[in-house]
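Observations on the model geometry
Chain by chain, the residues run as shown.
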Amino acid sequence: MQVVTRFPPSPTGYLHLGGARTALFNWLFARQSGGKMVLRIEDTDRQRSTDEAINVIISALEWLGLEWDEGPYYQTQRLERYKEVIQQLLDQGDAYYCSCSPKRLDKLRKEQREKGIKPRYDRHCRDAGLERKPGRNHVVRFKNPLAGSVSFQDRIRGPVSVQNEELDDLVLERSDGMPTYNLAVVVDDMDMRISHVIRGDDHINNTFRQINIFRALGHDLPEFAHVPLIHGPDRKRLSKRNGDVSVLDYRDRGILPEALVNYLARLGWSHGDQEIFSKEEMIRYFDFRQVNKSSAGFDMEKLLWMNRHYIGRAPIDSLLPEISRILTARLITTENGPGLASAIELVRGRVSTLVELADQIEYFFRPAENYHAEALARHCNDSTPELLRGICTILAGLDSWTRESIGDSLKAYAKSKEVKFSHLAQPLRIAVSGSDQTASIDLTLALLGSVNTIKRTQAFIEYLEQGRTTLSQ
Ligand code: GLU
């Protein structure tokens, strides 16, 4: 049997973390089994589905590198097929027309609630033998078996079952002629030869219903694996406030796709104590038996930790486009600075996101707009201008501008002035970058170049002296 999995988002919003993890598990399992993953857009809710959401979901999957092998199929292009299957179910006596008005159904629900029973359709039209009549508001309902139970072996949760009397005669076709989710999914999973349905466990109650439809259609069941949901760090349902933003927002925050994929794979799945997995390793080791049965908590700190790991090891070339994009959005051009790759190399071991990385290299390409007040107060005093003037002269006279020559001059000068190295290095950092948080000073100045170093140090001396005059006036 060929393994065929599917990822069937409803394009009513962005691709959130839970959806991305479901896509990832489907992708991993398909790749591991030498099978295929189908992408299906479940757009029958025409009011809420938008082209923009479709584009955003597709871009997010592409960004994560979760390529599909078939599709995208669109449910709205398969409406005739759903009608055909609904007709088949009607013809064979497994479905029926129901003309109960919304008013009647509301009243029924209210009465059931008052009696303390679970609201459910009372099968009023099940044996009424109604026919489709033009102008009448019909829905088509499924004749769910009245007795017995539905059981299946979930690849994650083990055996699960429910009594048929717990299940409704669910609607298959709405009064506007559109199929419902449960009908369309079964027809698609059948036609697309889906072998494994891997989805969020919020769908488990739908699975029982879908199994009954599969059976009525005489079709073999796929296997099912229901993935526990992701909750926020506060153990509440994941929401925009506690982490559930669009996958593409993580890109905009400077998260690498490799890091997010690794993080999502580890969220609720484990392989011994290993934390960092290449895609090949994930494909090799992924195993439903190692997926947690309980929901997993989203942890931004851990995602940042992984991102730091991946930023530190990524081939520099792969970081260039995104860093250029961030800098360009800040109207920073990199032509007149050191090579972007060298600047990235200098700071990437110290940052957790690409946005932070861009923050930390910005000053190579444009002088800081202001000096960090706290850093100034901490590292500068009345003797700083004098100290900086001296080092400026020395640096301006260097024959070669290298890390070694700069480092040696700074050390020798600090020694001659009997000041600690940091008393010289910190004001220099502030002079060239605006803050005291740069990489090591010799490397920083070497990369910045002698012209910029001296120009910025002189501007800083002037700034300090002006400040002093103002203060003493
Ligand atoms: N369109 C459904 C959703 O986004 C798919 C559920 C399923 O996998 O069957 O929740």
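Residues numbered from 1 in each chain as written. Predicted model: local features only at pLDDT ≥ 70, side-chain atom pairs only at ≥ 80, totals over all residues. Heavy atoms only, no water.

Section: the overall build of the protein
When helices and strands are counted, the protein shows 19 helices and 12 strands. Relative to the globule expectation of 23 Å for 473 residues, the C-alpha radius of gyration of the protein, 32 Å, shows a markedly less compact shape. Taken along the three principal axes of its C-alpha coordinates, the protein extends 100 × 50 × 40 Å. Across the 473 residues that make up the protein, the buried fraction comes to 50%. Considering only contacts within the protein whose residues lie at least 6 apart along the sequence, 76% involve residues at least 24 apart. Approximately 23,300 Å² of the protein is accessible, and the part contributed by carbon and sulfur atoms is 48%. (Helix = DSSP H or I, 4+ residues; strand = E, 2+ residues; numbered from the N terminus. Rg over C-alpha atoms; globule rule 2.2 N^0.38 Å. Buried < 20%, exposed > 50% of the residue type's maximum accessible area, 1.4 Å probe, protein only. Contact = heavy atoms within 4.5 Å. Areas by Shrake-Rupley, 256 points an atom, 1.4 Å probe, with all protein chains shown as cover.)

Considerations on the site of the ligand
In the vicinity of the ligand, the residues found are Arg 6, Pro 8, Ser 10, Glu 42, Tyr 181, Arg 199 and His 203. Contact between the ligand and Arg 6: an oxygen atom at 2.8 Å from a side-chain N or O atom of the residue. Within the side chain of Glu 42, an N or O atom sits 2.6 Å from a nitrogen atom of the ligand. Computed on the free molecule, the ligand has an accessible area of 300 Å², of which 79% lies beneath the protein chains in the complex. Looking at the shell around the ligand residue by residue, the classes come out as 2 nonpolar, 2 polar and 3 charged. (Near = heavy atom within 4 Å. Polar contact = N/O pair within 3.5 Å; in protein donor to acceptor, adjacent residues only side chain to side chain. Nonpolar A, V, L, I, M, F, W, Y, C, P; charged D, E, K, R; others polar.)

Here's the deal with the packing of aromatic side chains
Counted by the stated rule, this structure contains 13 aromatic pairs. An angle of 70° between the planes, with centres 6.2 Å apart, marks the rings of Tyr 250 and Phe 298 as edge-to-face. Remark: Phe 298 occurs in the loop between strand E12 (296-297) and helix H10 (300-313) and Tyr 250 occurs in helix H7 (residues 247-252); sequence separation between them is 48 residues. A single burial state applies to Tyr 250 and to Phe 298, both of which are buried. A centroid spacing of 4.8 Å and a plane angle of 55° characterise the contact between Tyr 371 and Tyr 463, whose relative ring orientation is tilted. (Phe/Tyr/Trp six-rings, centres within 6.5 Å; stacked < 30°, edge-to-face > 60°.)

Description of the pattern of salt bridges
As enumerated under the stated definition, the model contains 37 salt bridges in all. Here Arg 251 makes a salt bridge to Asp 252, at a shortest N to O gap of 3.3 Å. Look at Arg 251 and you get partly exposed, because its relative accessible area is 27%. With a shortest N-O distance of 2.8 Å, Asp 359 and Arg 330 are connected by a salt bridge. Highlighted residues: Asp 359 in helix H13 (residues 354-365) and Arg 330 in the loop between helix H11 (316-329) and helix H12 (340-347), separated in sequence by 29 residues. On the accessibility criterion, Asp 359 (40% relative accessible area) is partly exposed. (Salt bridge = Lys/Arg side-chain N within 4 Å of Asp/Glu carboxyl O.)

Examining the pairing of strand E6 (residues 149-154)
Residues Val 150, Phe 152 and Asp 154 of E6 are buried on one face, while the alternating residues Ser 149, Ser 151 and Gln 153, pointing to the opposite face, are not. As paired strands, E6 and strand E7 (residues 158-163) are joined by 6 bridges and run antiparallel to one another. When the sheet's bridge partners are listed, Gln 153 is paired in E7 with Pro 159. The hairpin formed by E6 and E7 contains 3 residues between the paired strands. (Pairing = 2+ DSSP bridges.)

Remarks on the nonpolar core
Of all hydrophobic cores here, the largest spans 103 residues; its most connected members are Leu 24, Phe 25, Leu 260, Leu 357, Ile 361 and Phe 460. Here the element with the most residues in this core is helix H1 (residues 17-32); it accounts for 9 residues. When sequence neighbours within four positions are dropped, the list of residues in contact with Phe 460 reads Tyr 371, Leu 376, Cys 380, Leu 388, Pro 427, Ile 430 and Ala 431. Grouped together as the second largest cluster of nonpolar side chains are 36 residues, Leu 79, Tyr 97, Leu 183 and Ile 204 included. (Core = buried A, V, L, I, M, F, W, Y, C linked by side-chain atoms within 4.5 Å.)

Comments concerning the side chain of Glu 42
By the secondary structure assignment, Glu 42 is in the loop between strand E2 (36-41) and helix H2 (51-64). In this structure, Glu 42 is in contact with Pro 8, Pro 9, Ser 10, Pro 11, Ser 49, Gln 75, Tyr 181 and Val 185, ignoring residues within four places of it in sequence.

Describing the sheet that holds strand E1 (residues 4-7)
With parallel pairing, 3 strands are arranged side by side in an open sheet as E1-E2-E3. Of all the strands in the sheet, the pair left with one neighbour each is E1 and strand E3 (70-74). With direction set aside, neighbouring strand axes in the sheet form an average angle of 25°. In terms of strand pairing, E1 meets E2 through 4 bridges, oriented parallel. Counted as the bridge partner of Val 4 is Lys 36 from E2. (Axes fitted to C-alpha atoms, helices over the stretch in contact; angles between N-to-C directions.)

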